[in-house]
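Working through the structure, step by step
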Amino acid sequence: ELRGAKRAPQSGERHKKNHEFNQTVDARTDESVGDAAHVILIRSILKYPFNWSAWLDLGELCVDDSSIDQEVEELLLPISDHWMYHFFCVHVFIEEKANENAIAIIEKLANGQVSENEGQQQGFFIQSAYLQSQLAMAYYDIRDYDSAHDHFLALAEREPYRLDNMDAFSNVLYVKDQKVALSHLAHRSVTVDKYRPETCIIVGNYYSSKGRHEKAVQYFQRALKLDRSYLSAWTLLGHEYIEMKNTAAAIEAYRRAVDISDREYRAWYGLGQTYEIMNMLLHALFYFRKAAALHPHDARMWCAIGGCLLGLDRRSDAEKSYERAVSLGDGEGIATRKLAELYREDGDEEKAAKCYLRHLELRYQSQLAVPLTGGSADSSLEAFENVVNHVRVDEPEAEALLYLAYYYRDNLEYDAAILCATRLED
C-alpha cells in the first residue's frame, strides 16, 4: 500500500533520492560531523518523508534511548500530520509496548478521524494489511487473544499465502487450544514455503500442542538454522526445554534471546521460571523484576514476584506484589487466592472474604469466557447467588466457599452463609 501512495519519481529526481539515501547511510555509520544520528535521520526524513528505512532506523534509536524522544518529536513537528509520521508512531509504540497508543492510532488511520477543516474523513488505509497485522500484534502483546485472533484470521483470509506474523498467530491458536486450526495453519504454511523460519515456528507450535516436545525442539532449531537472530524461536525453544525438564538448555536458550534483545520480556520471565524450578529464588526474583520492568501491566509478572518474595519470607512485600497483580486484572485468579490466604493468616477476615469472593467470581467469569467489567467484585445479592450457584467447584473454590460460609455466619448474614454451605454439599 505504501508503493501506491506516492507518484513515481521522475528521472530528474533520482539524484535527489540518491542524496537522501546517502544521508541515511551516513546517519547510521558516521556521527563525527557533530550532529547526532537521530538529527541526521530527521533531516533526511524532512526532505523525503517516504523513506521508510530512515523511519525504522530512527525508531530503533528512540527505543534504545528514550531521552531523545522529546527532541525527535519537536524536530518532526513540521510533518506531524503526515501519514508516514503516524506509521512511525505505531511502530515505536509497539516496540515500546505502549500498545494502547498504537491501537488508537491504527484505528484512526483505518477508520478515519475528525478534521477541523474537512470534517469527518474516511480512513485512507482501511484496506492496509500492514496496519491490520500491527493491530493484531498489539492485541497479542496485551494478551487480548480474542481480538488478536479475529485480526489474524481476517489477515490470513485476505492474504492466504502470507507468512509474515503468522508465527504470532500460531502462538494465539496455541494459547486458545485450537489444535485443529493450528493444524490447518501448519499445513498451509508448509505448502507455501517450508523453508521459512515462520513455518518452522508454526509447525513447532503444532507439535508442542500435541505434547511431542522433542519434535517441537527439532523445528525450533530448524528455524534458528535459517535465522540465528530469531527471538521468538529462542524463547519458544526455552519453553520446550522447560517442558522436557532440561533446565540447563532452557537457560542457554533464554540467554541467547536476551543477548539478541534485552527487551524480550518473555525470555526474562522464562529465566525467572527456570531458576524458580531450581529453587534459586534470588536469581528468579532478579529475572522476574526484569520482566516486570519491561511489561509492568502484566499481572503474571507480579504474581511471579510475589511467589518469590513469599518463598524468601518477605510477606509484606509479597502482599504488595499480589495487590499490584489484582489491580491489573489477575484474570487467572492466582494473586487473588494467594492474597486471601495471606489475609486469613494475618487475621484480616474482611479482606480475606473479599478476595475469596473475587476468586469465585473470576472462576465463574472464566467459565463464561467473559472478562470482568469492573475492578471489584459485584456485591449485589443476585450476582452473588448466581456466582455461588453456578461456579465450578474444585479444591480452591471449595476452600473459598467454606471460608465464606464461616465468615457470613460470624457476621450474622445467615442467608449468604447457608447458600455457601449448601453449594459445598452439592
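Before reading on, note that the structure itself is shown above.
Residues numbered from 1 in each chain as written. Predicted model: local features only at pLDDT ≥ 70, side-chain atom pairs only at ≥ 80, totals over all residues. Heavy atoms only, no water.

**With respect to the environment of Ala104**
You can see Ala104 is positioned in helix α6 (residues 99-111). With relative accessibility at 41%, the residue Ala104 sits in the partly exposed group. Measuring from C-alpha to C-alpha, the distance between Ala104 and Val90 comes to 9.1 Å, with 14 residues separating the pair along the chain. (Helix = DSSP H or I, 4+ residues; strand = E, 2+ residues; numbered from the N terminus. Buried < 20%, exposed > 50% of the residue type's maximum accessible area, 1.4 Å probe, protein only.)

**Structural notes on the state of the cysteines**
Scanning all chains against the criterion turns up 0 disulfides. Free of any disulfide, Cys62 has its nearest cysteine sulfur in Cys89, 9.3 Å distant. Overall, the relative accessible area of 3% leaves Cys62 in the buried class. (Disulfide = S-S within 2.5 Å.)

**Let's talk about helix α22 (residues 395-410)**
Between the first and last C-alpha of α22 there are 23 Å, a value that for 16 residues agrees with the 22 Å anticipated at 1.5 Å per step. At the exit of α22 stands Leu412, carrying a positive phi of roughly 65 degrees. (Expected span 1.5 Å × (residues − 1).)

**Structural notes on the pattern of salt bridges**
For the structure shown, the criterion picks out 15 salt bridges. In this structure, Arg162 engages Glu159 in a salt bridge whose closest nitrogen and oxygen atoms are separated by 3.0 Å. Residue Arg162 is classed as buried on the basis of its relative accessible area, which comes to 14%. In this structure, Asp317 engages Arg314 in a salt bridge whose closest nitrogen and oxygen atoms are separated by 3.3 Å. (Salt bridge = Lys/Arg side-chain N within 4 Å of Asp/Glu carboxyl O.)

**Comments concerning a negative patch on the surface**
Where like charges cluster on the molecular surface, the negative patch consists of Glu60, Asp64, Asp65, Glu95 and Asp262. Accessibility expressed as a relative area gives 48% for Glu60, which makes it partly exposed. (Patch = residues over 30% accessible without salt bridge, like charges linked within 9 Å, V, L, I, M, F, W, Y side chains within 5 Å. Areas by Shrake-Rupley, 256 points an atom, 1.4 Å probe, with all protein chains shown as cover. Lys, Arg positive; Asp, Glu negative; His and termini not counted. Charge placed at Lys NZ, Arg CZ, Asp CG, Glu CD.)

**Observations concerning the nonpolar core**
One recurring pattern in soluble globular proteins: nonpolar side chains tend to sit buried together. Leu58, Leu76, Phe88, Phe152 and Tyr408 are the most contacted members of the largest nonpolar core, which totals 122 residues. The leading source of residues in this core is helix α5 (residues 83-95), at 9 residues. The contact partners of Leu58, leaving out residues within four places of it in the chain, are His38, Leu41, Ile42, Ile45, Val72, Leu76 and Phe88. (Core = buried A, V, L, I, M, F, W, Y, C linked by side-chain atoms within 4.5 Å. Contact = heavy atoms within 4.5 Å.)

**Some details on the packing of aromatic side chains**
The final tally for this structure, using the stated rule, is 18 aromatic pairs. Seen from their ring centres, Phe152 and Phe169 are 5.5 Å apart, and the 25 degrees between their planes marks the pair as stacked. On the criterion of sequence distance, the pair formed by Phe152 in helix α8 (residues 145-158) and Phe169 in helix α9 (residues 166-175) is long-range, its members being 17 residues apart. Each member of the pair, Phe152 as well as Phe169, is classed as buried. A ring pair is formed by Tyr269 and Phe288, whose centres lie 5.4 Å apart and whose planes are at 50 degrees; its orientation type is tilted. On the criterion of sequence distance, the pair formed by Tyr269 in helix α15 (residues 265-277) and Phe288 in helix α16 (residues 281-294) is long-range, its members being 19 residues apart. Just as Tyr269 is buried, Phe288 falls in that class too. Three or more aromatic residues joined by ring pairs form one cluster here, namely Tyr48, Phe50, Trp52, Trp83, Phe87 and Tyr130. (Phe/Tyr/Trp six-rings, centres within 6.5 Å; stacked < 30°, edge-to-face > 60°.)

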